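One letter stands for each residue in the lines below.
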Amino acid sequence: MNKVKTLCDCDIIHKDKVKATQSKMLDAESALLIADFYKALSDSTRIKMIDALFCGELCVCDLSYLINMTKSATSHQLRYLKDMNLVKSRRQGKEVFYSLADEHVKKVFAISVEHIKEKIYE
């Protein structure tokens, strides 16, 4: 099987393209925040939680049962997701209910699932 060579054999810098691209690129702080966002999604347990919350609001007990983890471990992961602004919570008496933070989180997750399913079933 032939391997595609990914290294350019020339030393030409296309200054017009570089300049146009540089003006549209993210600043360093934004790039770091986006990396942190994806880092929060890099754990399969947190993905399972987001998947469950994609269906609707759940309390810690419900989530713990669904992902087969202790309430303490579930709460720890939820706190991380909340700190990353991926989930939000509301208290009702002794219960704390969690849901996805906003439509952006839903869209990113839905697009990710769609992308993976397309690749699996190609």
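This write-up is about the structure you can find in this document. (Residues numbered from 1 in each chain as written. Predicted model: local features only at pLDDT ≥ 70, side-chain atom pairs only at ≥ 80, totals over all residues. Heavy atoms only, no water.)

Further remarks concern the packing of helix H4 (residues 60-67) against helix H5 (residues 71-83). At their nearest, the axes of H4 and H5 sit 9 Å apart, and the two run at 105° to each other. One element, H4, and the other, H5, form an angle in the roughly perpendicular class. Packed against H4, whose contacting residues are Val60, Cys61, Leu63, Ser64 and Ile67, the element H5 presents Lys71, Thr74, Ser75 and Leu78 at the interface. Classifying every residue of the contact of H4 with H5 gives 5 nonpolar, 3 polar and 1 charged. (Axes fitted to C-alpha atoms, helices over the stretch in contact; angles between N-to-C directions. Helix = DSSP H or I, 4+ residues; strand = E, 2+ residues; numbered from the N terminus. Parallel < 35°, antiparallel > 145°, perpendicular 65-115°, else oblique. Contact = heavy atoms within 4.5 Å. Nonpolar A, V, L, I, M, F, W, Y, C, P; charged D, E, K, R; others polar.)

This model, assessed by the stated rule, comprises 2 aromatic pairs. Geometrically, the ring pair formed by Phe37 and Tyr38 is edge-to-face, given 5.2 Å between the ring centres and 85° between the ring planes. You can call Tyr38 partly exposed: its relative accessible area is 46%. On the numbers, 5.8 Å between centres and 45° between planes, the contact of Phe54 with Phe109 is tilted. With Phe54 in helix H3 (residues 44-54) and Phe109 in helix H6 (residues 103-120), this residue pair connects regions lying 55 residues apart in the sequence. Note on Phe54: relative accessible area 35%, which makes it partly exposed. A residue is classified by how much of its surface remains accessible, and Phe109, at 10% relative accessible area, is buried. (Phe/Tyr/Trp six-rings, centres within 6.5 Å; stacked < 30°, edge-to-face > 60°. Buried < 20%, exposed > 50% of the residue type's maximum accessible area, 1.4 Å probe, protein only.)

Most of strand S3 (residues 95-100) sits inside the fold, with 5 of its 6 residues counted as buried. Two strands pair when backbone bridges link them, and strand S1 (residues 58-59) and S3 are joined in this way by 2 bridges, in the antiparallel orientation. Across the sheet, residue Cys59 finds its bridge partner in S3, namely Phe97. In terms of strand pairing, strand S2 (residues 87-92) meets S3 through 6 bridges, oriented antiparallel. What sits directly across from Ser89, in S3, is Tyr98. (Pairing = 2+ DSSP bridges.)

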